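Below are the chains, spelled out letter by letter.
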Amino acid sequence: MRLRWIAAGIVVVLAALVGGLAFAYPSAAATTCPGCYGLTRVGDGLWSERGLTAAQQDQLIGLATEARRRVGDFYGGRESDPRLVACFTDDCYDRVGGGGEKGIAVLNRAVMLSPRGLDAVIASHEMSHVELHQRLDGDVPQWFDEGLAVVVSGDPRYLGEHCRRPDDGTALPATLPAWLEAASADQQVYSRAACRVSRWLDANGGPPAALELIDRLNRGEPFPALR
Ligand SMILES: [Zn+2]
């Protein structure tokens, strides 16, 4: 009898812990067990809502393939393979703990895409964050992480003609809170970060320069001034 109560107590504590985690990190729970959140497997490492049309499934498989190609092309292969959880409806995206963003990387092992982010640009942007952190032992300034993700994804909103103006060399936000504040005031901070990364890559031999920088940082060198 006593044992039973102890067992029941353990179950209650465990349920509270798991429930608490799920409450604090619904997106962590949802990307770890998409099936628990009513999602279904659409392709390799790719999950979405039940009842999709064949065309919707093809759209997701196509964007996942293209996004993986963009990341692999830039990095010369992928060391990460984040699970993709994609939602066609706000109801689905709310359920997995999403917010107002187009897409988001979750704990560096999964990527969630909202109904506003169902394309290869957003998917490969978030996958670039995951790939960089898989390869990196430490940290980089947030603006570099974001600028690189824009370059890897080839995001036309921030590259090309947006990079024609010369870089004024002013500091870009180094921390995540500073970045989020700047980006909520002006989305073109993505462009300033991406153009700086893009110019630096062009002047230093392209994507291999990013791999070399990662090596140097992993050997303990400080983040350099990029030029
Ligand atoms: Zn980003």
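The structure this text deals with has already been given above.
Asker: Run through the nonpolar core, naming residues and quoting values.
Answerer: If you look at the biggest cluster of nonpolar residues, it comprises 52 residues, and the most contacted ones within it are Val85, Val111 and Ala123. Examining the composition of this core, we find that eight residues originate from one element, helix α8 (residues 189–203), more than from any other. Mapped onto the domain boundaries, this core takes at least three residues apiece from domain 1 (23–135) and domain 2 (139–227). In this view, Val111 contacts Pro82, Leu84, Gly103, Ala105, Ala123, Glu126, Met127 and Val130; residues no more than four positions away in its chain are not counted.

Asker: Break down helix α3 (residues 54–75) for me, with residues and values.
Answerer: Its 22 residues place the ends of α3 32 Å apart at the C-alpha level, agreeing with the 32 Å of an ideal helix rising 1.5 Å per residue. Of all the positions in α3, only Leu60, Leu63, Ala64, Ala67, Arg68, Val71, Phe74 and Tyr75 are classed as buried. Down the axis, α3 shows its buried residues gathered within 135 degrees of arc, on one side only. The exposed set on the far side of α3, more than 90 degrees from its buried face, consists of Ala54 and Ala55. Looking at the buried residues of α3, the elements they touch are β1 (39–43), β2 (46–49), β3 (83–86), α5 (120–135), α6 (142–153) and α9 (207–218). Backbone geometry just downstream of α3 places Gly76 in the positive-phi region, at approximately 65 degrees.

What counts and what doesn't
Residues numbered from 1 in each chain as written. Predicted model: local features only at pLDDT ≥ 70, side-chain atom pairs only at ≥ 80, totals over all residues. Core = buried A, V, L, I, M, F, W, Y, C linked by C-beta atoms within 7 Å. Buried ≥ 20, exposed ≤ 12 C-beta atoms within 10 Å, placed from the backbone. Helix = DSSP H or I, 4+ residues; strand = E, 2+ residues; numbered from the N terminus. Domains from an automatic or database assignment. Contact = placed C-beta atoms within 7 Å. Expected span 1.5 Å × (residues − 1). Arc of directions from axis to C-beta.

Treat this as a map of the structure, not an account of what it does.
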